[in-house]
Amino acid sequence: MTTVAAKPATMAQALTRAMRDAMAADPSVHVMGEDVGTLGGVFRVTDGLAKEFGEDRCTDTPLAEAGILGTAVGMAMYGLRPVVEMQFDAFAYPAFEQLLSHVAKMRNRTRGKMPLPLTIRVPYGGGIGGVEHHSDSSEAYYMATPGLHVVTPATVADAYGLLRAAIASDDPVVFLEPKRLYWSKDAWNPEEPTAVEPIGRAVVRRSGRSATLITYGPSVPVCMEAAEAARAEGWDLEVVDLRSLVPFDDETVCASVRRTGRAVVVHESGGFGGPGGEIAARVTERCFHHLEAPVLRVAGFDLPYPPPMLERHHLPGVDRILDAVGRLQWEAES
Amino acid sequence: MTTVAAKPATMAQALTRAMRDAMAADPSVHVMGEDVGTLGGVFRVTDGLAKEFGEDRCTDTPLAEAGILGTAVGMAMYGLRPVVEMQFDAFAYPAFEQLLSHVAKMRNRTRGKMPLPLTIRVPYGGGIGGVEHHSDSSEAYYMATPGLHVVTPATVADAYGLLRAAIASDDPVVFLEPKRLYWSKDAWNPEEPTAVEPIGRAVVRRSGRSATLITYGPSVPVCMEAAEAARAEGWDLEVVDLRSLVPFDDETVCASVRRTGRAVVVHESGGFGGPGGEIAARVTERCFHHLEAPVLRVAGFDLPYPPPMLERHHLPGVDRILDAVGRLQWEAES
Amino acid sequence: MTVMEQRGAYRPTPPPAWQPRTDPAPLLPDAEPYRVLGTEAAAKADPELLRRLYAELVKGRRYNAQATALTKQGRLAVYPSSTGQEACEVAAALVLEERDWLFPSYRDTLAVVARGVDPVEALTLLRGDWHTGYDPYEHRVAPLSTPLATQLPHAVGLAHAARLKGDDVVALAMVGDGGTSEGDFHEALNFAAVWQAPVVFLVQNNGFAISVPLAKQTAAPSLAHKAVGYGMPGRLVDGNDAAAVHEVLSDAVRHARAGGGPTLVEAITYRVEAHTNADDATRYRGDSEVETWKQHDPIALLERELTARGLLDDAGVETVRQDAETMAADLRARMNQDPALDPMDLFAHVYAEPTPQLLEQREQLRAELAAEADQEGAQR
Amino acid sequence: MTVMEQRGAYRPTPPPAWQPRTDPAPLLPDAEPYRVLGTEAAAKADPELLRRLYAELVKGRRYNAQATALTKQGRLAVYPSSTGQEACEVAAALVLEERDWLFPSYRDTLAVVARGVDPVEALTLLRGDWHTGYDPYEHRVAPLSTPLATQLPHAVGLAHAARLKGDDVVALAMVGDGGTSEGDFHEALNFAAVWQAPVVFLVQNNGFAISVPLAKQTAAPSLAHKAVGYGMPGRLVDGNDAAAVHEVLSDAVRHARAGGGPTLVEAITYRVEAHTNADDATRYRGDSEVETWKQHDPIALLERELTARGLLDDAGVETVRQDAETMAADLRARMNQDPALDPMDLFAHVYAEPTPQLLEQREQLRAELAAEADQEGAQR
Ligand SMILES: Cc1ncc(C[n+]2csc(CCOP(=O)(O)OP(=O)(O)O)c2C)c(N)n1
Ligand SMILES: Cc1ncc(C[n+]2csc(CCOP(=O)(O)OP(=O)(O)O)c2C)c(N)n1
Ligand SMILES: [Mg+2]
Ligand SMILES: [Mg+2]
C-alpha cells in the first residue's frame, strides 16, 4: 500500500512520511507546488505521494509562486488543508504579497470566521553549494509577520512531529526545512518518528552550566559540535533548539539563561535585522539581572548569500561560536 | 518656471521639492509609479512634476508593482536614476521578489559592475484612519535585506535632505515616508530645506540625562511629546532620531545610551521580529556595562494592523512610553 | 478519472506534427461588445428578470449616494462609489446560485449587498470598526479585497477545491481594468485554465485606475482578448446594459458549471464619480467625457426598454424609488449608531489560540484601559 | 512630442462608438510554426549566415557537452544544458547589434557565449566562485537570471530608458515555457506594449519546466497567442530551425528598432537532456519522446540543408568540428585551474561603501583568516 519507507532514516524521508500519514488520515490534506507530483520534488521530499494519492491530492502546479499560494488560500477557504511547497527559499518571494496580506491576516480580517489551515514548506538556508538565490535564510521576514506560525526542525523526529502538527494546525504555518539537513540521519534520536510534536516549545538538546547557545534549524548540529569542542576549553555549554520561532518559547529559553547567566544566539541568517536581535532583546528584557555578559550573536554576515566557494566563510561555524563564548566576560567569574 | 511652492511648509511639500530639485539638477532622475503623473500621487507628493518635466520624466505606470520596480531596475541599468513610488506600504509587497533578489543584490552579484541607483519611496505606517492594507509598518523586511539602505525622515528638513541624498546615492535606498507626518509642519526646524543630509547619521533631537528614547519616523514627534510630559515625573529624556535604519549609526546611539544608562526603543511596527529587537540587542552588546536596566521596547502589538477605530490602542503613545520609562529600574538609582 | 487526468496527456511534438492545443478562433471576443437593450435581442429577455434588475439598479445607485453622504458626515472613512457601474455589480450577484461564491474587489460593495449581505456589515470595512464585516460563509462572499487582483487566485482555488470535492459550485471573481495589469491576474487566469476550474472572471473596464486612463494601462485590442492567451473564451459586453451583462455572465456560469472551464468577461463601463469621495477627478478628466457616458446610463437604458415594452409605468418607477429610499433611510439610521467596539478583540483573532506573547500584550492593554477608566472616573 | 505622448490619447467611449484599440488579426500567430529549412524559403537564405549558424551550433553543442562533463569532475556545481535548443541560443545572440542588450535566463549560457562573453566567465556562476562572472556592460549582456522571468521587466526598462535617451538600442529577453506562468512575464509584456518599448521576448518552449510538461503549464493554443492580450504581435517559429529562428527574431528586432514596439516570439523546441546534470529525466518522460525529437535535431537539419545546397562538405564539417574541439579543450584547461578567490571580496560590493557594520565584520573575518593561517603554519 505504501511506497514510502516504513522506517525513515533521513530528515527528507521523515518529512515525506509526515505528509503521507497526514494525507492518509485526512482526505482534506492536499500537497501542491512545482514538480511535487511526478518528480517528487527537486529534493524528493514529496516522493511517492502522487502515486499513492493521485494527482488531485499531490499536484504539479504551473510555475508561479503567488498563484500557488493564492490558489491554496482559496482551497483552504473551501475546507481543504493545502500543504504548499516553495521550491527554494528565494522563490517564495513572489508569493509574499499573498503571504503577508492574506495568509497571515485572513483569520484576523474576518474575526475568526475564515481561518486558513495552510502549511507552507520552504527549504531554506545554505551550506549545500547552491548558486545564488538557492541558499537564503528568510526567517526574519516570516517572524516579522503576525498571523504566521514559524517552525523549523533540526532533527529527524522533529521533522516528522512538527510537520504533522503544522498540517493539523488551523493556522497558517511557515515550515522551514533546513536544506543541508535533508540527508542528515539523526545522531541523537534515531527511532521511528511517529509522535506529533506540539508547536511552540523549545527543547534543551544538551544540558550545560557555563552558557546557553540559543539556536534552531541548520545551526543546531553546529552548536552541538561547538558544545563538544567547548569542553576542551572548560566550558559546559547548554544548547537550546527553539524549533518554533513563532510562537516563541520564552519559558524554556529564559529558564536556561537564568541558570547559566550567559547566552549566545546562533543562526545562519544575516545578523542585522535577523532573528537574533529579537531573541537577544527579549532574553535580555526578561533575564537582565541574571546576565553576566550581554547576549551575543553569531550569525551570517550582513550580505547577500555568498557563492558556493566562499560560503564557508559566511556560515557560523564552531570556531566563531567558541570565539563568541570566549567573549562572554568570564573574567567576571572569578 | 516652477509650479512648486518655493518655501515648503509640510513634509509632503518638502519631498516634492526634493524630487523637483533633483530632476532639475540631473536629467537622469525619473519619477515613476501609479498615479504619480497627472494626479500628482494620491498624497500629492509628486504634484507638478509631470507638468514641469513632462510625462517621460514623471510617468504614470500600469498598475503592477513588480513591473514598476522591475522596469526601474532596467532603467537604472541603463544609467537612469529612477525614483519609484509605491502607493502604500502593503502595495510594495508584490515587488518584494524584485527588491530582494535583484535590487538589493545586483551590485554584489556583478562585483560592483552594475550598481542600481534607485530610490523606492514607500509611504508607511498608520495613524491616518486608513482601512486594512493601508497602514503597515514594513521596515523590518527592508532592514533584514542586505544591500538596501533604509531611511526615514521625521522632520520637514530631513524629508528634503534625506530624499536628495537617497536620489544621489549610487545604491538602492528604501525611503520610508511616515504617512501621518505628510501634513506636519516642522515645529523645530522651519527654515527652507535645501541642505542635503548624508545617509547613515542619527541625530539627537532633544538632550536629556535620565534615559534615551531611540526612535525614528512617525514615532519621533510622539517621543518628543513624551519627553516633555516626562519632565513632570522628574525625568529628563534624550530623544535620538535614527533617520537611517541602514546603515545604523551605532556611534550616536551608543554615545547617548552610555551617557544616560537607560534606553527605550520606540516604534510603531510590531514588536516581535521588528526593528526594536535589533536595536536593543546591538545597544546591549555595545553598552552592557553602562546599562542600569535592560533596553526596553515600546512597539505596536504583534498583530495585523487594526481597523481605524481601534488603531489608537495599537500605536505607541505618550503613556505607554512613560510606562516603559518607569520600568527602567530607577530604584537602582538611589 | 481524476480532475487532473481530464486535462489529457498533451506532449510537445516536433514542428512537422505541431498543432495548437485548442482552436483559438472561438476564444476570441466579438468585435463589438454584446448588447441587448435597444436591440432585437431585448424582445427575448425575461420581463421578470428585467424588472428585478431595474429595482436592484435603482437601489444600488441609492446605496452609493447614501454611502457617499455618510463619508461627508464622518460615518465612513472612505467610499469608492460604483455609480454608473450598477449593471455589472447587480448582474454579478444575480447570476449566482446560493451555493456559488462571489469574490469582490474593493469597489464592489453593491454586488456584495445584492448577494444578500447586510448593507451595514458590508460597510464595516469602510466605517473602520473592523476589516471584513460579514461572515464570508453566510452568503458565500469572500472579503472585499483591497490589494488589487489578489482575490482572483482565491476564487480559482476555491472553485478547484469545490470541483475536487464533487460540488457543483461556481466562483465569480471581480476585478477592475487596472487590476488586470497585476501579476496575480495572470497567474489566476492561467491556473484556472490549466485546472479547468469553474470560475468566471468579470473585468469591469471603467476606463480608469484612479487617475490612470486605459491607454496607459494596456495596449490590447480589448481586455477580453487576454483570454485567448490562457486558452479560455473572452467575451466583451456593454457593461451598462444590465440585460446583456446578465446574459453573458449567466452563459459563462452555466459553461463553468457544466465543466467547460473558466471564462473572461470584459464589461465596458464607466466610473461616473471620482475614485472615492477623497479623490478629485477634475485633475485628470474633463466633464464632457463624463457627460457622454451619462447619456449611456445603465438605469436609463433599462428604464427606456421597460417603459417601451409597457413593463414599467410611473407608479412602478415610484414604487422602486420608494423601496430604495426605505433601504437608504434604514442604512442611514443604522450607520448613525456608533458600533460597539471591544479593544480586546484586537488579540482575539490573530491565531486560533493567542500566543503567550499576545496574552501578555492583552494584559498590558487591559491594564492601560483600566487605568484610563480610573483616571476618567477620578476626573468626574 | 515625448515618448509617452506618442501613445495617443485613447479614452473609453460608450459602447455605441466602441472600437478595439488595435486590430487583433495581425497580432495573432500563424497556425503553424514558421520554418525555413527544408522549405522553399531556404533558397532565399544567405549562405554565409547559414554557415555561421552551423559553426555556432556545433560549437554550442560541444560547449554543453564540455560543461556537463565538468560537473562530473566537480568543476561546476551544476549545469543546465541547452542541447537540442542551440538554434534558439545562437540565433538570439546573432540577431543583435553590438549596442543591443541580451537578457538571458539561467539556461542560456550558450547565448551569452555566442554574444562574445568569455566562456569561462560565463560559467563563473555555475562554478561557484562568484555570481555573475562577466561585466554586463562589456558585451551588453545582463546577468544570467536564476529567478525565472524576473529579467523580463529589466529588459523592458532598459529598452525604454534607451529610447528615452534617443538611443537606437533593442533588448532581447529570453524565458522558458515555465517562466511564462510567472506574474513578472505578464507585467513585463504589458509595460513593454504600453510603452512601445523596443524589446523582443523569446520564449523557448522546450516542453518542460523541470518535470512539468506544457499541458500542466498552460491551456493556451500556443504561448505566442498570449501576445494579442498585450497588443503586440505573436510569432510562432520552429525553434530547431536556426534559419527560421534567425529570420523571425531579426524581423522582430528590426520592427522594435524602427519604433514598432515589442514582439513575442515562441520557439517550439525540446530539451533533449535532463533539466540539469543533477536531474533524472526518466522519472517524468519516456525515451521515445526524446528519440522523436532527435529526428528533428537543429544541427542535423541545418547540415542537411547546407550539404544539399553544396555549401558544406566533409572537410567543412571537419573544420567546424575541429574549431569546436579547440574551444572545448581551451575551456577544459581553463576550468581545471582553481579560480583565485579572496574572501574579503565578500564585503567589497554590498554597497558602494561598506557600512560601519560591514567594516567590523570584515575585520572579524580578516582576524579569523589570520588565526587560521597561523594555525596552519604552526601545524607544518
Ligand atoms: C496591489 C495594489 N496596488 C495598488 C493599490 C491602490 N489602488 C487602489 S484602487 C486603485 C485603482 C484600481 O483601478 P481598477 O483596477 O481599474 O479598479 P477601479 O478603481 O476602476 O474600480 C489603486 C491603484 C491597491 N489597492 N492594490
Ligand atoms: C521564481 C522561480 N521559481 C522557481 C525556480 C526553480 N526552477 C528553476 S528552473 C525551473 C523550471 C524552468 O522551466 P522553463 O521556464 O520552462 O525553463 P527551462 O528550464 O525549460 O529552460 C524551476 C521551477 C526558479 N528558478 N525561479
Ligand atoms: Mg478601473
Ligand atoms: Mg521549459
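Rules behind the numbers
Residues numbered from 1 in each chain as written. Chains lettered and ligands numbered in written order. Predicted model: local features only at pLDDT ≥ 70, side-chain atom pairs only at ≥ 80, totals over all residues. Heavy atoms only, no water. Helix = DSSP H or I, 4+ residues; strand = E, 2+ residues; numbered from the N terminus. Rg over C-alpha atoms; globule rule 2.2 N^0.38 Å. Buried < 20%, exposed > 50% of the residue type's maximum accessible area, 1.4 Å probe, protein only. Contact = heavy atoms within 4.5 Å. Areas by Shrake-Rupley, 256 points an atom, 1.4 Å probe, with all protein chains shown as cover. Polar contact = N/O pair within 3.5 Å; in protein donor to acceptor, adjacent residues only side chain to side chain. Near = heavy atom within 4 Å. Nonpolar A, V, L, I, M, F, W, Y, C, P; charged D, E, K, R; others polar. Domains from an automatic or database assignment. Phe/Tyr/Trp six-rings, centres within 6.5 Å; stacked < 30°, edge-to-face > 60°. Pairing = 2+ DSSP bridges. Axes fitted to C-alpha atoms, helices over the stretch in contact; angles between N-to-C directions. Donors = N, O, S within 2.8 Å, 3.2 Å for Na, K, Ca; no water. Arc of directions from axis to C-beta. Right-handed = clockwise from strand over helix to strand, strands pointing away. Core = buried A, V, L, I, M, F, W, Y, C linked by side-chain atoms within 4.5 Å. Least-squares fit on C-alpha atoms with pLDDT ≥ 70 in both. Expected span 1.5 Å × (residues − 1). Salt bridge = Lys/Arg side-chain N within 4 Å of Asp/Glu carboxyl O.

**Observations regarding the overall build of chain A**
- Scanning chain A from terminus to terminus reveals twelve helices and twelve strands.
- Expected size for 334 residues packed as a compact globule is a radius of gyration near 20 Å; at 20 Å, chain A falls within 12% of this value.
- Structurally, chain A occupies a C-alpha span of about 65 × 40 × 35 Å along its principal axes.
- Across the 334 residues in chain A, those meeting the buried criterion constitute 76%.
- Across chain A, the fraction of contacts at a sequence separation of at least 24, relative to all contacts at a separation of at least 6, is 80%.
- Total accessible area computed for chain A in this model is approximately 8800 Å², and 49% of it derives from carbon and sulfur atoms.

**A word on the overall build of chain C**
- Along the backbone of chain C there are twelve helices and seven strands.
- Here the C-alpha radius of gyration of chain C, 23 Å, is about what a compact globule of 380 residues would show, namely 21 Å.
- The dimensions of chain C, computed from C-alpha atoms along their principal axes, are 85 × 55 × 40 Å.
- Counting all 380 residues of chain C, 62% fall into the buried class.

**Quick notes on the side chain of Arg 297 of chain A**
- In this structure, Arg 297 of chain A sits in strand β12 (residues 296-300).
- At 2.7 Å, the side chain of Arg 297 of chain A and the side chain of Glu 285 of chain B are in polar contact.
- Those residues in contact with Arg 297 of chain A that sit more than four places away from it in its chain are Val 265, Gly 271, Gly 276, Gly 277 and Ala 280 of chain A together with Glu 278, Ala 281, Arg 282 and Glu 285 of chain B.

**Here we look at the site of ligand 1**
- Around ligand 1, a shell composed of 21 residues is seen, among which Glu 65 of chain B together with Tyr 106, Arg 107, Asp 177 and Asn 206 of chain C lie nearest.
- Looking at the residues close to ligand 1, they fall on chains A, B and C.
- Within the contact set of ligand 1, an oxygen atom lies 2.6 Å away from a side-chain nitrogen or oxygen of Arg 107 of chain C.
- Protein contact buries 96% of the 580 Å² of open area that ligand 1 shows by itself.
- Partitioned by chemical class, the residues of the shell around ligand 1 number eight nonpolar, seven polar and six charged.

**Quick notes on the site of ligand 2**
- Around ligand 2 sit 21 residues in total, of which Glu 65 of chain A together with Tyr 106, Arg 107, Asp 177 and Asn 206 of chain D are the nearest.
- Residues lining ligand 2 come from chains A, B and D.
- A distance of 2.8 Å is found between an oxygen atom of ligand 2 and a backbone nitrogen or oxygen belonging to Gly 178 of chain D.
- Asn 206 of chain D places a side-chain nitrogen or oxygen 2.7 Å from an oxygen atom of ligand 2.
- Contact with the protein chains covers 96% of the free accessible surface of ligand 2, which is 580 Å².

**A few points about the domain arrangement of chain C**
- Domain assignment breaks chain C into domain 1 (25-277 + 286-335) and domain 2 (343-379).
- Here the C-alpha centroids of domain 1 of chain C and domain 2 of chain C sit 40 Å apart.

**A few points about the packing of aromatic side chains**
- Counted according to the given criterion, the structure contains 39 aromatic pairs over all chains.
- On the basis of an interplanar angle of 80° and a centroid distance of 5.9 Å, the ring pair of Phe 88 of chain A and Phe 91 of chain A is categorised as edge-to-face. One exposure class covers both Phe 88 of chain A and Phe 91 of chain A, and it is buried.
- Ring centres of Trp 101 of chain D and Tyr 137 of chain D lie 5.6 Å apart, and the angle between their planes is 85°; on these two criteria the pair is classed as edge-to-face.

**Quick notes on the sheet that holds strand β2 (residues 58-60) of chain B**
All names here are of chain B.
- The mixed open sheet is built from seven strands, whose spatial order is β2-β1-β3-β4-β6-β5-β10. Bordering the open sheet on either side are β2 and β10 (244-246), each of which pairs with just one other strand. The sheet shows a mean angle of 20° between the axes of neighbouring strands, taken without regard to direction.
- Taken together, the two bridges between strand β5 (residues 149-151) and β10 define a ladder with antiparallel strand orientation. Residue pairing for β10: Val 151 is matched across the bridge by Ser 244.
- Helix α7 (residues 156-168) contacts β1 (29-33), β3 (81-85), β4 (119-124), β5 and β6 (173-178) of the sheet and is inclined by roughly 160° relative to β6.

**Brief notes about the coordination of the magnesium ion (ligand 3)**
All names here are of chain C.
- The coordination sphere of the magnesium ion (ligand 3) contains the protein donors Asp 177 (OD), Asn 206 (OD1) and Phe 208 (O), at a distance range of 2.0 to 2.1 Å.
- One chain supplies every donor for the magnesium ion (ligand 3), spaced along it as D-x28-N-x1-F. Here Asp 177 is found in the loop between β2 (171-176) and α7 (183-195), whereas its partner Phe 208 is found in strand β4 (residues 208-209), with 31 residues between them in sequence.
- The buried category is assigned to Asp 177, whose relative accessible area is 2%.

**Section: helix α9 (residues 287-294) of chain C**
Residue and element names in this part refer to chain C.
- Among the residues making up α9, those that are buried are Glu 289, Val 290 and Trp 293. Buried residues along α9 cover an arc of 100° about the axis, so they all sit on one side. In this structure, α9 carries Asp 287 and Ser 288 as exposed residues pointing more than 90 degrees from its buried face.

**Details of the coordination of the magnesium ion (ligand 4)**
All names here are of chain D.
- Around the magnesium ion (ligand 4), the protein contributes the donor atoms Asp 177 (OD), Asn 206 (OD1) and Phe 208 (O), at 2.0 to 2.1 Å from the metal centre.
- Within one chain, the residues serving as donors to the magnesium ion (ligand 4) are arranged as D-x28-N-x1-F.
- By relative accessible area, Phe 208 is classed as buried at 3%.

**Here's the deal with the pairing of strand β9 (residues 237-241) of chain A**
Residues and elements named next belong to chain A.
- Most of β9 is tucked away: five of the five residues are buried.
- Burial along β9 is two-sided: Leu 237, Val 239 and Asp 241 and Glu 238 and Val 240, pointing in opposite directions, are all buried.
- Taken together, strand β8 (residues 211-215), helix α8 (residues 219-230) and β9 constitute a β-α-β crossover, and its handedness is right-handed.

**A word on the nonpolar core**
- Core analysis: the largest hydrophobic core is formed by 274 residues, its most contacted members being Phe 201 of chain C together with Phe 201 of chain D.
- If we skip the residues at most four places from it in the chain, Phe 201 of chain C touches Leu 152, Val 156, Ala 173, Ala 188, Leu 189, Ala 192, Met 232, Pro 262, Thr 263, Leu 264 and Val 265 of chain C.

**Points about the relation of the copies chain D and chain C**
- When chain D is fitted to chain C, the residual RMSD is 0.0 Å, and the transformation amounts to a turn of 180° plus an axial shift of 0.0 Å. Both chain copies can therefore be described as sitting about a two-fold axis. It is Gly 183 of chain D whose C-alpha, among those of chain D, lies nearest the rotation axis, at 1.8 Å.

**Digging into helix α12 (residues 356-379) of chain C**
- In a regular helix each residue adds 1.5 Å, so 24 residues correspond to 34 Å; α12 of chain C covers 35 Å between its end C-alpha atoms and thus fits that length.
- Regarding α12 of chain C, the residues found buried are Gln 357, Leu 358, Gln 361, Leu 365 and Glu 368 of chain C.
- Looking at the packing, one finds that the buried side of α12 of chain C touches α9 (250-260) and α10 (275-287) of chain A together with α11 (311-314) and α12 (318-326) of chain B.

**Some remarks on the interface of chain C and chain B**
- With 41 residues of chain C in contact, the opposing surface of chain B contributes 33 residues.
- At the surface where chain C touches chain B, the tally comes to five salt bridges.
- In this structure, the salt-bridge partner of Arg 283 of chain C is Asp 47 of chain B, at a minimum N-O distance of 2.7 Å.
- Counting across the chain C and chain B interface gives ten residue pairs in polar contact (both at pLDDT 80 or more).
- Sorting elements by how many residues they give to the side of chain C that touches chain B places α12 of chain C first, with eight residues.
- Of the residues assigned to the side of chain C that touches chain B, the class counts are 21 nonpolar, eleven polar and nine charged.

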